[in-house]
Protein chains: 2
Amino acid sequence: MYSMLRWPLRLLTLGRSRENSALSIAIQQPKGTYINKMDGKRALIVLAPGAEEMEFTIAADVLRRAGIIVTVAGLEGSEPVKCSRDVMIVPDKSLEDAVTDQVYDVIVLPGGLGGSTAMSNSKAVGELLHKQESAGRLIAAICAAPTALAKHGIATGKSLTSYPAMKPQLVEKYCYVDDQNVVQDGNLITSRGPGTAYEFALKISEQLAGTAKAQEIAKAMLLSYN
Amino acid sequence: MYSMLRWPLRLLTLGRSRENSALSIAIQQPKGTYINKMDGKRALIVLAPGAEEMEFTIAADVLRRAGIIVTVAGLEGSEPVKCSRDVMIVPDKSLEDAVTDQVYDVIVLPGGLGGSTAMSNSKAVGELLHKQESAGRLIAAICAAPTALAKHGIATGKSLTSYPAMKPQLVEKYCYVDDQNVVQDGNLITSRGPGTAYEFALKISEQLAGTAKAQEIAKAMLLSYN
Ligand SMILES: [Cu+]
């Protein structure tokens, strides 16, 4: 599924690196931290006020462990974001800046009631998700965040799951799955809550970096992944 | 064990609140977020550069879900801290400010190689841990952080666990446990890595807020806790 994306993405990356290689090295490549960044897959994680900080952090950390280039995009700008349990996290850049001249292999929406409501009410998030869906690229949402997909009319009719309390908001538009921690239907990956956040992040890692990489990083975190 | 702490803590808290009640409400009590803060247990989480952000965030979030008053203390000040996978987290205050006129029911040390090395080399962390140990209050460390305990000579001879790769640095001073995700020996709680961070945080929550509360918040996170 993703081989069709590989060439256009690589060309885009090479084109950008010729134009402003010093900039991209300085900003996006802390020395020696991750390998193969210029050829790597890219993830955008939307960080909204009230986001569930564990779901956010597990996604960002696990994807970076998998060698994926992660951009943490602040929904309302680049200022620190107060999450659902008052942990303050600084985005890499604003969502507006993050989506200028850059596409991402996956858009990740962490849960948290406040964060999900903010993403539901954001026109920018709606446009981003529609473009992502039209291009056949991955969208991943966990916990309360699938309600933002419903609000923006994304992936209607597909199988998905969510935090159990959100089920009533999703059963009409989607084929709701109760009994799996992570559900993938084509380009849509959804999951249920903090307790399933590692599986969610490992599933995204598997899709972008392969099963062997997902298993390797799971083991280093003292988890297992099949 | 903790009943002996209740009165001095309560008196201290009331004394502080009489002196500067507006300040303490504004800074420490976001309206309606957590109940019983004035009577609540207090946790200090040390946030050092290179901390494992999942282990940090899970501890902060889960303890706050349990109603524990959590202070995120920046080892090197109150500026944003770059964690092991480049997530930037803003501490509530500097460690220096956090330990001025305030005691904590538990000191929590998240892992991460860089963070653990920084805590190992910090005289302030050493003094804080020695006071905590002398007073018979809880100390909790996960992943690589038990090496900071060893460096500062804390809880020598007790049973503990850690990230497996740290075992060689710990076997001489401690009774090393390989086959448990979380080990408690008296006032010392230790755990192994990102994959055991929820159990670690739930064990601390159980100690300070009771088993029923730990079970309740585990269920809300779609986990179970016995
Ligand atoms: Cu670690």
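Procedures and definitions
Each chain carries its own residue numbering, running from 1 in the direction its sequence is written. A letter from A marks each chain and a number from 1 marks each ligand, given out in the order of writing. Only residues with pLDDT of at least 70 are given local features in this predicted model, and only at 80 or more are side-chain atom pairs given and counted; all residues enter the totals for whole chains, interfaces and linings. With hydrogens and water excluded, all non-hydrogen atoms of the structure serve as input to the side-chain values. Should any heavy atoms of two residues lie within 4.5 Å, those residues are considered in contact. Defined in terms of a 1.4 Å probe, buried area is the accessible area two parts forfeit on being brought together, summed over both. Note on definitions: salt bridges are taken to be side-chain nitrogens of Lys or Arg within 4 Å of carboxyl oxygens of Asp or Glu. Distance and chemistry together define a polar contact, namely a pair of N or O atoms within 3.5 Å, with one atom able to donate a hydrogen and the other to accept it when in protein, and with adjacent residues in sequence counting only for side-chain atoms on both sides. Residues are grouped as follows: Ala, Val, Leu, Ile, Met, Phe, Trp, Tyr, Cys and Pro are nonpolar; Asp, Glu, Lys and Arg are charged; every other residue, Gly included, is polar. Two strands form a pair only when DSSP identifies at least two bridges running between them. Secondary structure elements are taken from DSSP: a helix is a run of H or I of four residues or more, a strand is a run of E of two residues or more, and numbering for both begins at the N terminus. The criterion is simple. A nonpolar core is a set of buried Ala, Val, Leu, Ile, Met, Phe, Trp, Tyr and Cys residues joined through side-chain atoms within 4.5 Å. Burial classification: accessible surface area is computed with a 1.4 Å probe over protein chains only, and a residue below 20% of its type maximum counts as buried, one above 50% as exposed, and the rest as partly exposed. A fitted line through C-alpha atoms serves as each axis, taken over the contacting stretch for helices, and the angle formed by two N-to-C directions is quoted from 0 to 180°. In this scheme the handedness of a crossing depends on how the near helix is turned from the far one: anticlockwise by less than a right angle means left-handed, clockwise means right-handed.

- Looking at an unreviewed UniProt entry, one finds chain A named Protein deglycase DJ-1zDJ-1 and attributed to Drosophila arizonae.

### Here's the deal with the interface of chain A and chain B
How big an interface is tends to be stated in terms of the accessible area lost upon association of its parts.
Part 1: Contacts between the two partners involve 33 residues from chain A, matched on the other side by 33 residues from chain B.
Part 2: Here chain A packs against chain B, burying approximately 2800 Å² in sum over the two surfaces, 62% of which is carbon and sulfur.
Part 3: Broken down residue by residue, the surface that chain A buries against chain B is led by Met-54, Arg-85 and Leu-222 of chain A, which jointly contribute 21%.
Part 4: Taken together, the connections running from chain A to chain B amount to 2 salt bridges.
Part 5: Salt-bridge contacts for Glu-52 of chain B lead to Arg-65 of chain A; the nearest nitrogen and oxygen are separated by 2.8 Å.
Part 6: Scanning the region where chain A abuts chain B turns up 13 residue pairs in polar contact (both at pLDDT 80 or more).
Part 7: Each residue belonging to the side of chain A that touches chain B can be placed in one class, and the counts come to 20 nonpolar, 5 polar and 8 charged.
Part 8: With 3 bridges joining them, strand S4 (residues 88-90) of chain A and strand S4 (residues 88-90) of chain B adopt antiparallel strand pairing. Considered in S4 of chain B, the bridge of Val-90 of chain A is made with Met-88 of chain B.

### A word on the nonpolar core
Part 1: Formed by 140 residues in total, the largest nonpolar core has its most connected members in Leu-109 of chain A together with Leu-109 of chain B.
Part 2: Not counting chain neighbours up to four residues away, the residues in contact with Leu-109 of chain B comprise Val-46, Met-119, Leu-129, Ala-140, Ala-141, Ile-142, Ala-145, Ala-148 and Leu-149 of chain B.

### Structural notes on the pairing of strand S1 (residues 42-47) of chain B
All names here are of chain B.
Part 1: Among the 6 residues in S1, 6 count as buried, and that is most of the element.
Part 2: Looking at chain direction, S1 and strand S2 (residues 69-74) are connected through 6 bridges and run parallel. Counterpart to Val-46 in the pairing with S2 is Ala-73.

### Overview of the packing of helix H3 (residues 53-65) of chain A against helix H8 (residues 197-209) of chain A
The packing of two helices is summarised by the inter-axis angle and the distance between the axes.
All names here are of chain A.
Part 1: In the contact formed by H3 and H8, the axes pass within 9 Å of each other and the chain directions differ by 35°. Regarding H3 and H8, the two cross each other, and that crossing is right-handed. Contacts between H3 and H8 pair Glu-55, Ile-58, Ala-59, Val-62 and Leu-63 from the former with Ala-197, Tyr-198, Ala-201, Leu-202, Ile-204 and Ser-205 from the latter.
Part 2: For the contact of H3 with H8, a count of residues per class yields 9 nonpolar, 1 polar and 1 charged.

### Here's the deal with the environment of Pro-110 of chain A
All names here are of chain A.
Part 1: The topology assignment puts Pro-110 in the loop between strand S6 (106-109) and helix H5 (113-120).
Part 2: A residue is classified by how much of its surface remains accessible, and Pro-110, at 2% relative accessible area, is buried.
Part 3: As a C-alpha pair, Pro-110 and Ala-144 span 34 residues in sequence and 8.0 Å in three-dimensional space.
Part 4: Ignoring sequence-local partners within four residues, the contact set of Pro-110 consists of Ile-45, Val-46, Glu-55, Phe-56, Ser-116, Met-119, Ile-142 and Ala-145.

### Side note on the sheet that holds strand S3 (residues 81-82) of chain A
The strands making up a sheet are joined through hydrogen bonds of the backbone, oriented either antiparallel or parallel.
Part 1: Pairing within the open sheet is antiparallel, and its 4 strands lie in the order S3(A)-S4(A)-S4(B)-S3(B). In this open sheet, the two edge strands, each paired with only one partner strand, are S3 of chain A together with strand S3 (81-82) of chain B.

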